Structures are given as C-alpha cells and as structure tokens.
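Geometric and topological summary
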Amino acid sequence: MNPLPLEGITVVSLEQAVAAPFATRQLADLGARVIKVERPGAGDFARGYDESVHGQSSYFVWLNRSKESVALDIKSSGGRAVLERLLGEADVFVQNLAPGAARRLGLGAAELAERHPSLVVCDISGYGNTGPWADRKAYDLLVQCETGVVSLTGTPDDPAKVGISIADIAAGMYAHSGILAALYERRASGVARPVEVSLFEALAEWMGSPAYYTAYSGTQPARVGAQHATIAPYGPYDAADGRTVLLAIQNEREWASFCAVFLDDAALATDDRFRKGSSRVARRAELNAIVAARFRELTAADAVKLLDEAKVANARLNSVAEFWDHPVLAGRDRWRDVGTPGGTVRALLPPATPGGLTPRMDPVPAVGEHTESVLRSLGYDTDALAALHAGGAL
C-alpha cells in the first residue's frame, strides 16, 4: 500500500466543538498522527451534544475518527509538562480554546515559537486574536448573523440560519489548507510559520458574491427561500404527486430549451416579458405561476425526464434519510465502516484524496483511550504514570 502524504507528521490538538476537530480529522485522513488532548472525564464537550450514534454524539463521530485521545489536565504542573513533551515531538499544534485561553496558558504562537521553533502553530478563534472583538465568544449561528448570512437565507418574512455549521466548517477547511501550506513552506525554507483562522473571516470570504452585489449595486440580494435571488426560474416546484423538484436555468440556451421541451411553448422564450435574465427576475411571480402550473400536470419522475431531455439541471428535494441512501454514494462506493466506542458506523470517504491512495479511516476514540500508550511512547514508565495520576494530571 502506498504511504499517505502526511505519514510521519504528528499533530497535537487542544480542540473542541467543530472547527479545529474538522481541520485535524482531515489531516488524519491524509495519514498524520493526531493526538487529541482532552479534559479528563468529560473530554471534548462536543461528545455531549447528543447521543444519537450508538450513544455517541453525531458531531463527535463525524469529526474525530483516526485520532488518539489523551486525557490530560494541562493546568496541572504534571499535565503541562506532558504537553510540553508532546509539543517537543510534534510538527503541528492546533488549538481553538476560549478567547485568550491559549495565551494565558503560555501557548500562544509567539511563545511556542521560542520554545519549539520548528512547530507549525494554528490558532482558530471567533473573531481573530487581535482587533476589537478578540475576546468575544463566537458560535456558528452568531457568526452567520454577524457576517450577514442569515439576512440572505429564509423567506421574505422569516430569516433562517443555514442548517449546518457553515462558519465552523469554513474555518476548519481554511485551517486545514493553511496548515498544509505552512508544512510545505517549512520543508522548502526551514521556517515554521504560524497559521491564524477565525470563524468570522472564513465565513466573510464565503460572502464575497452578495457583498460585491450589495456594495456596487446598492441593493442587497432578496431573501427568496430556496429560489435564487438573481436568477429565474431557479428553485423548487411541487409536482402532481407531492414531490418537490428543483430546476436551475443558467443561460439563454437553457431557457429556450426549457420553454420548448418542458413548458411546450417555444414562443415564451422570446416573449418580451421574459426575454432577458433580468426581465425574468423582475417578473418572477408571473413566471413562477406559469412554471408551477406545468409542474402540477406532471409527476416528479415525468418532470425530471422532461428536464433531462431539455438539458436543464435539476434535483429532487431529498430528506436527510434519502441523502444517506443516495445512489451516487452507493454507486461510487463512498461508504466505509468505522469503529466508535459504541459500535460500528458508516462513514464517507474524504472528498479529496490523491489518486491511488487509500485514506485513513480508523476508529473514533473514547476519552483518554490512548493516554497510557502515548505517554509511554514519550518515555513515561509505570511509576511516572502513577505519579501523574496521583497529582491529578491524568
């Protein structure tokens, strides 16, 4: 079996919730050894979010496979000494503790650079380590609100958050890519540069299109539910059998084909009311009434067949259960079995893995499952472990 690209890289992470665990799980997928330092007893508080997966949290199972869990009280003298030894042998340190906590513990990037100059340090925060909101707590929904995402989602009457933790996910993705870039730089120049990512700035990047649209048009994109704010027709329609089908018109060629094949009215494509994209958006309600009437004459299967014939992109509005059993995931063999403390679960392969390589898909750890083995690898013997236990470090 070919080695994975990050084999030989060791990551130590003081992580919790979503953003940092997502970044480090992706590093583990690519072969890195990830040592997750958790609080003795409770561990990462995301373990307690729910009990839906064999008694484990759905968040935790998703984000923490292939890691080694070390239960360590880093505020104790013994625990801090263990952490320093871990960092002395690590390539990467990742933390997303509460605002200012890492600096108070002497674990800021500047302090660590003095003690461990070859260590790539990645700090993940809510609003950045500096600036007016450096000490402000941030959670996903709050960041969705502050960046304006919630003002764009939902209906005209009811704003809504995105149904998954996009601020955390965005930060985890940028932390992952930033760490890879820093490791590449370290190999090329010998310099270990710090990486800083905030939830706010990660999601601010995703706001690029509506931000430009608003700043230069003077008008914010409308909140139109599952429709597109600036393209029509583009969104969901109910078929005769009660199923919902979404379609997406991207250009004038598709619009003409849609009119001729799906609506059975080729002349509508050149109707002055709907001739241009901006005209169709301006008369969205009138156009939607025409499209909806046609959908009411068709089952979802017949509607999809006609849309495919017209070469118009479309999708069914699936439930999460339907996604879980999606034929694309099954047909492309994307599922693997992964162990958890409560039993085996299905897990999706990582979306991006270099061709010819098999990503790491090891079990999700119990709290402190690897404490003894990791500490013994650092040179702690039975007596030293007993002393750490007695001192409350483990």
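Just above, that's the structure.
Residues numbered from 1 in each chain as written. Predicted model: local features only at pLDDT ≥ 70, side-chain atom pairs only at ≥ 80, totals over all residues. Heavy atoms only, no water.

**Some thoughts on a nonpolar patch on the surface**
On the surface, Val320, Phe323, Trp324 and Leu348 cluster together into a nonpolar patch covering about 380 Å² of accessible area. Of the residues forming the nonpolar patch, the biggest block, three residues, is contributed by helix α15 (residues 320-324). Along the chain, Val320 turns up in helix α15. (Patch = residues over 30% accessible without salt bridge, like charges linked within 9 Å, V, L, I, M, F, W, Y side chains within 5 Å. Areas by Shrake-Rupley, 256 points an atom, 1.4 Å probe, with all protein chains shown as cover. Salt bridge = Lys/Arg side-chain N within 4 Å of Asp/Glu carboxyl O. Helix = DSSP H or I, 4+ residues; strand = E, 2+ residues; numbered from the N terminus.)

**With respect to the nonpolar core**
Judged by nonpolar contacts, the single largest core of 35 residues is most densely connected at Val11, Val92, Val94 and Ile124. Elements with a contribution of two residues or more to this core: α1 (19-29), β4 (92-95), β5 (120-125), α8 (166-189), β6 (195-198) and α9 (199-206). No other element matches α8, which puts eight residues into this core. Residues in contact with Val92, not counting those within four places in the same chain, are Ile9, Thr10, Val11, Val12, Leu119, Val120, Ile179 and Leu183. Within the second largest apolar cluster, 27 residues are counted, among which are Val37, Val70, Ala90 and Phe93. (Core = buried A, V, L, I, M, F, W, Y, C linked by side-chain atoms within 4.5 Å. Buried < 20%, exposed > 50% of the residue type's maximum accessible area, 1.4 Å probe, protein only. Contact = heavy atoms within 4.5 Å.)

**Some words on the side chain of Gln144**
Note that Gln144 resides in helix α6 (residues 140-146). When its relative accessible area of 0% is taken as the criterion, Gln144 is described as buried.

**A look at the pattern of salt bridges**
Any two side chains of opposite charge can pair, so long as their charged atoms come close to each other. Under the counting rule described, the total for this entry stands at 24 salt bridges. Residue Lys67 pairs with Glu15 through a salt bridge whose shortest N-O separation is 2.8 Å. In this pair, Lys67 sits in strand β3 (residues 67-71) while Glu15 sits in the loop between β1 (10-14) and α1, placing the two residues 52 residues apart along the sequence. Note that Glu297 is salt-bridged to Arg294, the shortest N-O span being 2.9 Å. Salt bridges here are not isolated pairs; linked through shared partners, they connect Glu15, Lys36, Asp44 and Lys67.

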